[in-house]
Amino acid sequence: MGKNNMMQKHDAGNADLDLSLQDIIDVVEDELLVIDNEYRVRYANNLTSHGGLPKRTGSPVGQLCYEVFHGRDKPCGTPLWDCPLKKVMESGNMTTVIHPFHDHGVDTYVKITAYPVRDVSGNPRAIIELRGDVTAERELEAQLLRRHHQLLALSQISSAVSGLRDLDAILRIALDNVLNLISGSVGGILILDEKTKTLGYRVQRGLSAPYTAGRRIPIGEGIAGKVVQTGESMLV
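Residue numbering note: each chain is counted from 1, following its sequence as written. Note on the predicted model: pLDDT of at least 70 is required for a residue's local features to be given, and 80 or more for side-chain atom pairs to be given and counted; whole-chain, interface and lining totals, by contrast, use all residues. Heavy atoms from the whole structure form the basis of all side-chain values; hydrogens and water molecules are not counted.

Draft legend 1. Inspection of the sheet that holds strand 9 (residues 198-205) at higher detail. The three strands lie next to each other as 8-9-10, forming an open sheet whose pairing is antiparallel. Looking at strand neighbours, the two that pair on one side only are strand 8 (187-193) and strand 10 (217-218), the edges of this open sheet. In this analysis, strands are considered paired if DSSP registers two or more bridges between them. To qualify as a helix, a DSSP run of H or I must reach at least 4 residues; to qualify as a strand, a run of E must reach at least 2; elements of each kind are numbered from the N terminus. Here two bridges tie strand 9 to strand 10, and the two strands are oriented antiparallel to one another. Looking at the pairing, Leu199 lines up with Ile217 of strand 10.

Draft legend 2. Region of interest: the packing of helix 6 (residues 135-163) against helix 7 (residues 167-181). Axis angles are defined between N-to-C directions and span 0 to 180 degrees, where every axis is a line fitted to C-alpha atoms and, for a helix, only to the segment in contact. Across the interface, helix 6 lies against helix 7 with an axial gap of 9 Å and an inter-helix angle of 175°. Taken together, the axis directions place helix 6 and helix 7 in an arrangement best described as roughly antiparallel. The segment helix 6 lies against helix 7, with Arg146, His149, Gln150, Ala153, Gln156, Ile157, Ala160 and Val161 engaging Ile170, Ile173, Ala174, Asn177 and Leu181. Put simply, Ala, Val, Leu, Ile, Met, Phe, Trp, Tyr, Cys and Pro go in the nonpolar bin, Asp, Glu, Lys and Arg in the charged bin, and everything else, Gly too, in the polar bin. Of the residues assigned to the contact of helix 6 with helix 7, the class counts are eight nonpolar, four polar and one charged. To sort the angles, those under 35 degrees are grouped as roughly parallel, those over 145 as roughly antiparallel, those from 65 to 115 as roughly perpendicular, and the leftovers as oblique. Any two residues whose heavy atoms approach within 4.5 Å are treated as being in contact.

Draft legend 3. Representation of the pairing of strand 1 (residues 31-36). Only protein chains enter the accessibility calculation, which uses a 1.4 Å probe; a residue whose area is less than 20% of its type maximum is buried, one above 50% is exposed, and one in between is partly exposed. The buried fraction of strand 1 is high, at six of six residues. Here strand 1 shows a buried face lined by Glu31, Leu33 and Ile35 and a second buried face lined by Leu32, Val34 and Asp36. Looking at chain direction, strand 1 and strand 7 (residues 124-133) are connected through six bridges and run antiparallel. Bridge pairing in strand 7 places Glu31 opposite Arg131. Counted along the chain from strand 1 to the antiparallel partner strand 2 (residues 41-44), the turn is four residues long, and its residue Tyr39 has a positive phi close to 70°.

Draft legend 4. Molecular detail of helix 7. Given a rise of 1.5 Å per residue, 15 residues ought to cover 21 Å, and the 21 Å separating the end C-alpha atoms of helix 7 matches this to within 8%. Looking at helix 7, one finds that the buried residues are Ala169, Ile170, Leu171, Ala174, Leu175, Asn177 and Leu179. Residues of helix 7 that are buried make contact with helix 6, strand 8 and strand 9. Here a polar contact means two N or O atoms within 3.5 Å. Within protein one must be a hydrogen donor candidate and the other an acceptor candidate, and residues neighboring in sequence count only if both atoms are side-chain atoms. By the N-cap criterion, in which a side-chain oxygen at the helix start approaches the backbone nitrogen of a residue two or three places on, helix 7 is capped by Asp166, the distance to Asp168 being 3.1 Å. At the C-terminal side of helix 7, Ser183 shows a positive phi close to 55°. Take the number of residues in a helix, subtract one, and multiply by 1.5 Å to get its expected span.

Draft legend 5. Up close: the nonpolar core. Core analysis: the biggest nonpolar cluster contains 15 residues, and Leu33, Ile35, Val41, Cys65 and Ile127 have the highest contact counts within it. Going through the elements one at a time, strand 1, strand 2, helix 4 (65-70) and helix 5 (84-91) are the ones with two or more residues in this core. The nonpolar core is taken to be a set of buried Ala, Val, Leu, Ile, Met, Phe, Trp, Tyr and Cys residues, with the residues joined through side-chain atoms within 4.5 Å.

Draft legend 6. Summary view of the pairing of strand 8. Sheet topology places strand 8 next to strand 9; seven bridges connect them, and they run antiparallel. Paired with Ile189 across the strands is Val203, a residue of strand 9. Between strand 8 and strand 9, which pair antiparallel and follow one another directly, the connecting turn spans four residues, one of which, Lys197, has a positive phi of 60°.

Draft legend 7. Region of the structure containing the environment of His70. The exposure class of His70 is buried, given its relative accessible area of 18%. C-alpha of His70 to C-alpha of Phe101: the two residues are 31 residues apart in sequence and 8.5 Å apart in space. Those residues in contact with His70 that lie beyond four places of it in its chain are Cys65, Cys76, Trp81, His99 and Phe101.

Draft legend 8. Highlighting unusual backbone geometry. Here Tyr39, not a glycine, exhibits a phi torsion of approximately 70°, which is positive. Here Tyr39 shows up in the loop between strand 1 and strand 2. Despite not being glycine, Lys197 has its phi angle at roughly 60°, a positive value. Looking at the secondary structure, you find Lys197 in the loop between strand 8 and strand 9. Judged by relative accessible area, which is 42%, Lys197 ranks as partly exposed.

Draft legend 9. Representation of empty space enclosed by the protein. Space inside and on the surface of the protein is sampled on a 1 Å grid over the protein atoms alone, with a cavity defined as a set of points where a 1.4 Å probe fits but cannot get out and a pocket as an open set with protein on both sides within 12 Å along at least 5 of 7 lines; lining residues have an atom within 4 Å of a point. Grid points are joined across faces, edges and corners, and a volume is the space filled by probe spheres set on the points. Throughout the structure, instances matching the rule amount to one cavity of 30 Å³ or more. Quantified by volume, the largest cavity comes out at close to 130 Å³. Lining the largest cavity are 15 residues; nearest its centre among them are Cys65, His70, Cys76, Pro84 and Glu129. Mapped by element, the contributors of at least two residues to the lining of the largest cavity are helix 4, helix 5 and strand 7. Counting residues per element, the lining of the largest cavity draws most heavily on helix 4, at four residues. Considered class by class, the residues forming the lining of the largest cavity number 11 nonpolar, two polar and two charged.

Next up, the structure:
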(Lines give C-alpha, C1' and ligand atoms only; values in the text may rest on other atoms or scores of the structure.)
Protein backbone atom coordinates (compact mmCIF):
# COMPACT_ATOMS: atom_id res chain seq x y z
CA MET A 1 0.00 0.00 0.00
CA GLY A 2 2.84 2.36 0.92
CA LYS A 3 4.55 1.67 -2.41
CA ASN A 4 1.37 2.44 -4.37
CA ASN A 5 0.97 5.73 -2.48
CA MET A 6 4.56 6.69 -3.34
CA MET A 7 3.95 5.93 -7.03
CA GLN A 8 0.75 7.99 -7.01
CA LYS A 9 2.57 10.93 -5.41
CA HIS A 10 5.39 10.61 -7.96
CA ASP A 11 2.92 10.60 -10.87
CA ALA A 12 1.09 13.57 -9.38
CA GLY A 13 4.34 15.49 -9.06
CA ASN A 14 5.14 14.97 -12.76
CA ALA A 15 1.61 15.62 -14.00
CA ASP A 16 2.52 19.13 -15.15
CA LEU A 17 5.52 17.95 -17.21
CA ASP A 18 4.99 17.60 -20.95
CA LEU A 19 8.03 15.56 -22.01
CA SER A 20 8.50 13.24 -24.95
CA LEU A 21 11.41 11.04 -25.96
CA GLN A 22 12.18 13.57 -28.70
CA ASP A 23 12.41 16.37 -26.12
CA ILE A 24 14.93 14.37 -24.13
CA ILE A 25 17.23 13.35 -26.98
CA ASP A 26 17.20 16.85 -28.50
CA VAL A 27 19.13 18.24 -25.51
CA VAL A 28 22.08 15.88 -26.19
CA GLU A 29 24.99 17.88 -27.62
CA ASP A 30 26.21 15.05 -29.88
CA GLU A 31 24.26 13.45 -32.68
CA LEU A 32 22.02 10.72 -31.25
CA LEU A 33 20.31 8.00 -33.24
CA VAL A 34 18.38 4.82 -32.62
CA ILE A 35 18.99 2.29 -35.40
CA ASP A 36 17.21 -1.07 -35.54
CA ASN A 37 18.77 -4.39 -36.53
CA GLU A 38 17.67 -3.87 -40.14
CA TYR A 39 19.84 -0.71 -40.40
CA ARG A 40 16.85 1.62 -40.36
CA VAL A 41 16.97 4.86 -38.36
CA ARG A 42 14.10 4.89 -35.88
CA TYR A 43 14.85 8.07 -33.90
CA ALA A 44 17.21 11.01 -34.37
CA ASN A 45 17.79 14.16 -32.37
CA ASN A 46 17.55 17.64 -33.83
CA LEU A 47 21.31 18.00 -34.37
CA THR A 48 21.35 14.88 -36.54
CA SER A 49 18.50 16.20 -38.66
CA HIS A 50 19.89 19.72 -39.16
CA GLY A 51 23.66 19.52 -39.35
CA GLY A 52 25.94 16.75 -38.24
CA LEU A 53 28.56 14.92 -40.26
CA PRO A 54 28.32 14.67 -43.15
CA LYS A 55 26.30 17.89 -43.45
CA ARG A 56 22.66 17.26 -44.22
CA THR A 57 19.22 18.81 -44.06
CA GLY A 58 16.15 16.84 -43.17
CA SER A 59 15.55 13.99 -40.80
CA PRO A 60 17.20 10.60 -41.45
CA VAL A 61 14.38 8.82 -39.61
CA GLY A 62 12.97 5.97 -41.70
CA GLN A 63 16.04 5.79 -43.93
CA LEU A 64 18.79 3.18 -43.99
CA CYS A 65 21.84 4.37 -42.06
CA TYR A 66 24.39 3.31 -44.68
CA GLU A 67 22.47 5.17 -47.40
CA VAL A 68 21.88 8.44 -45.57
CA PHE A 69 25.26 8.72 -43.84
CA HIS A 70 27.64 7.05 -46.29
CA GLY A 71 25.87 7.08 -49.66
CA ARG A 72 26.24 3.31 -49.95
CA ASP A 73 23.85 0.72 -51.35
CA LYS A 74 24.79 -1.92 -48.77
CA PRO A 75 25.87 -2.00 -45.11
CA CYS A 76 29.35 -0.79 -44.25
CA GLY A 77 32.06 -3.38 -43.83
CA THR A 78 35.79 -3.90 -43.56
CA PRO A 79 38.32 -2.91 -44.68
CA LEU A 80 36.77 0.52 -45.39
CA TRP A 81 34.60 0.90 -42.28
CA ASP A 82 33.63 -1.11 -39.22
CA CYS A 83 29.87 -1.23 -38.81
CA PRO A 84 29.01 -0.46 -35.15
CA LEU A 85 25.51 -1.94 -35.53
CA LYS A 86 26.90 -5.28 -36.71
CA LYS A 87 29.50 -5.35 -33.94
CA VAL A 88 26.92 -4.66 -31.23
CA MET A 89 24.43 -7.20 -32.64
CA GLU A 90 27.15 -9.87 -32.66
CA SER A 91 28.72 -9.12 -29.26
CA GLY A 92 25.85 -7.60 -27.31
CA ASN A 93 28.30 -5.05 -25.93
CA MET A 94 28.98 -1.36 -26.39
CA THR A 95 31.50 -0.54 -29.12
CA THR A 96 33.34 2.51 -30.45
CA VAL A 97 34.63 3.12 -33.97
CA ILE A 98 36.02 6.15 -35.80
CA HIS A 99 34.81 6.81 -39.33
CA PRO A 100 36.57 9.20 -41.75
CA PHE A 101 34.45 11.48 -43.94
CA HIS A 102 35.38 13.66 -46.90
CA ASP A 103 32.75 16.37 -46.68
CA HIS A 104 32.80 19.36 -49.07
CA GLY A 105 36.53 19.00 -49.66
CA VAL A 106 37.35 18.69 -45.95
CA ASP A 107 38.57 15.53 -44.24
CA THR A 108 36.79 14.95 -40.94
CA TYR A 109 36.65 12.16 -38.38
CA VAL A 110 33.57 11.06 -36.45
CA LYS A 111 33.69 8.99 -33.28
CA ILE A 112 30.72 6.63 -33.13
CA THR A 113 29.79 4.97 -29.85
CA ALA A 114 26.99 2.41 -30.02
CA TYR A 115 25.04 0.86 -27.12
CA PRO A 116 22.73 -2.16 -27.37
CA VAL A 117 18.96 -1.79 -26.99
CA ARG A 118 17.51 -5.12 -25.83
CA ASP A 119 14.10 -6.72 -26.09
CA VAL A 120 12.22 -8.27 -23.14
CA SER A 121 14.28 -11.44 -23.54
CA GLY A 122 17.54 -9.55 -23.25
CA ASN A 123 18.53 -9.89 -26.91
CA PRO A 124 19.94 -6.84 -28.73
CA ARG A 125 17.43 -5.53 -31.28
CA ALA A 126 18.72 -2.02 -31.96
CA ILE A 127 21.45 0.40 -30.97
CA ILE A 128 21.63 3.86 -29.51
CA GLU A 129 24.37 5.61 -31.46
CA LEU A 130 26.23 8.75 -30.36
CA ARG A 131 28.24 10.54 -33.04
CA GLY A 132 30.79 13.27 -32.29
CA ASP A 133 33.29 15.20 -34.39
CA VAL A 134 36.83 14.29 -33.21
CA THR A 135 38.72 15.92 -36.10
CA ALA A 136 40.42 18.45 -33.81
CA GLU A 137 41.52 15.71 -31.43
CA ARG A 138 42.93 13.63 -34.30
CA GLU A 139 44.84 16.64 -35.64
CA LEU A 140 46.27 17.33 -32.17
CA GLU A 141 47.35 13.70 -31.84
CA ALA A 142 49.05 13.89 -35.26
CA GLN A 143 50.83 17.12 -34.27
CA LEU A 144 52.05 15.59 -31.01
CA LEU A 145 53.28 12.50 -32.86
CA ARG A 146 55.14 14.63 -35.41
CA ARG A 147 56.71 16.68 -32.60
CA HIS A 148 57.78 13.46 -30.86
CA HIS A 149 59.43 12.21 -34.05
CA GLN A 150 61.15 15.57 -34.53
CA LEU A 151 62.55 15.53 -31.00
CA LEU A 152 63.66 11.93 -31.42
CA ALA A 153 65.46 12.80 -34.65
CA LEU A 154 67.18 15.78 -33.01
CA SER A 155 68.23 13.59 -30.09
CA GLN A 156 69.76 10.99 -32.41
CA ILE A 157 71.56 13.66 -34.44
CA SER A 158 72.86 15.25 -31.22
CA SER A 159 74.14 11.89 -30.03
CA ALA A 160 75.92 11.37 -33.35
CA VAL A 161 77.54 14.80 -33.19
CA SER A 162 78.79 14.26 -29.64
CA GLY A 163 79.89 10.66 -30.13
CA LEU A 164 81.43 10.69 -33.62
CA ARG A 165 84.38 12.50 -35.13
CA ASP A 166 83.70 11.49 -38.74
CA LEU A 167 81.77 14.29 -40.51
CA ASP A 168 80.43 11.97 -43.21
CA ALA A 169 79.09 9.54 -40.59
CA ILE A 170 77.37 12.41 -38.75
CA LEU A 171 75.83 13.73 -41.96
CA ARG A 172 74.60 10.26 -42.95
CA ILE A 173 72.86 9.85 -39.58
CA ALA A 174 71.35 13.33 -39.89
CA LEU A 175 70.09 12.65 -43.42
CA ASP A 176 68.64 9.26 -42.50
CA ASN A 177 66.76 10.79 -39.56
CA VAL A 178 65.34 13.63 -41.65
CA LEU A 179 64.20 11.24 -44.39
CA ASN A 180 62.61 8.99 -41.78
CA LEU A 181 60.88 12.02 -40.25
CA ILE A 182 59.24 12.98 -43.56
CA SER A 183 58.77 9.39 -44.77
CA GLY A 184 61.12 10.13 -47.66
CA SER A 185 63.57 7.93 -49.50
CA VAL A 186 65.50 10.39 -51.67
CA GLY A 187 67.63 13.25 -50.45
CA GLY A 188 71.09 14.64 -49.94
CA ILE A 189 73.21 17.08 -47.97
CA LEU A 190 75.30 19.56 -49.94
CA ILE A 191 78.37 21.35 -48.58
CA LEU A 192 79.43 24.82 -49.66
CA ASP A 193 82.96 25.20 -51.01
CA GLU A 194 84.01 28.66 -49.86
CA LYS A 195 86.71 28.93 -52.53
CA THR A 196 84.62 28.12 -55.58
CA LYS A 197 81.29 29.35 -54.07
CA THR A 198 79.61 26.17 -55.24
CA LEU A 199 77.67 23.39 -53.55
CA GLY A 200 78.50 19.71 -53.83
CA TYR A 201 76.87 16.53 -52.51
CA ARG A 202 78.62 15.18 -49.41
CA VAL A 203 76.10 12.41 -48.61
CA GLN A 204 72.99 11.25 -50.41
CA ARG A 205 70.27 8.59 -50.39
CA GLY A 206 68.36 7.37 -53.43
CA LEU A 207 70.35 9.44 -55.95
CA SER A 208 72.58 7.88 -58.59
CA ALA A 209 76.34 8.24 -58.27
CA PRO A 210 76.71 9.68 -61.81
CA TYR A 211 74.22 12.40 -60.87
CA THR A 212 75.95 13.46 -57.67
CA ALA A 213 79.63 12.80 -58.40
CA GLY A 214 81.44 15.99 -59.37
CA ARG A 215 78.19 17.97 -59.54
CA ARG A 216 78.70 21.60 -58.54
CA ILE A 217 75.85 24.05 -58.02
CA PRO A 218 76.72 27.77 -58.04
CA ILE A 219 75.22 29.98 -55.33
CA GLY A 220 71.95 31.45 -56.58
CA GLU A 221 71.23 28.66 -59.08
CA GLY A 222 68.62 25.97 -58.55
CA ILE A 223 66.75 25.40 -55.31
CA ALA A 224 69.84 24.60 -53.22
CA GLY A 225 71.78 27.57 -54.61
CA LYS A 226 68.92 29.99 -53.92
CA VAL A 227 68.51 28.67 -50.36
CA VAL A 228 72.22 29.36 -49.68
CA GLN A 229 71.96 32.79 -51.30
CA THR A 230 68.86 33.90 -49.36
CA GLY A 231 69.41 31.96 -46.14
CA GLU A 232 65.73 30.99 -46.20
CA SER A 233 64.08 27.60 -46.63
CA MET A 234 61.99 26.84 -49.72
CA LEU A 235 58.99 24.57 -50.14
CA VAL A 236 58.37 23.30 -53.67
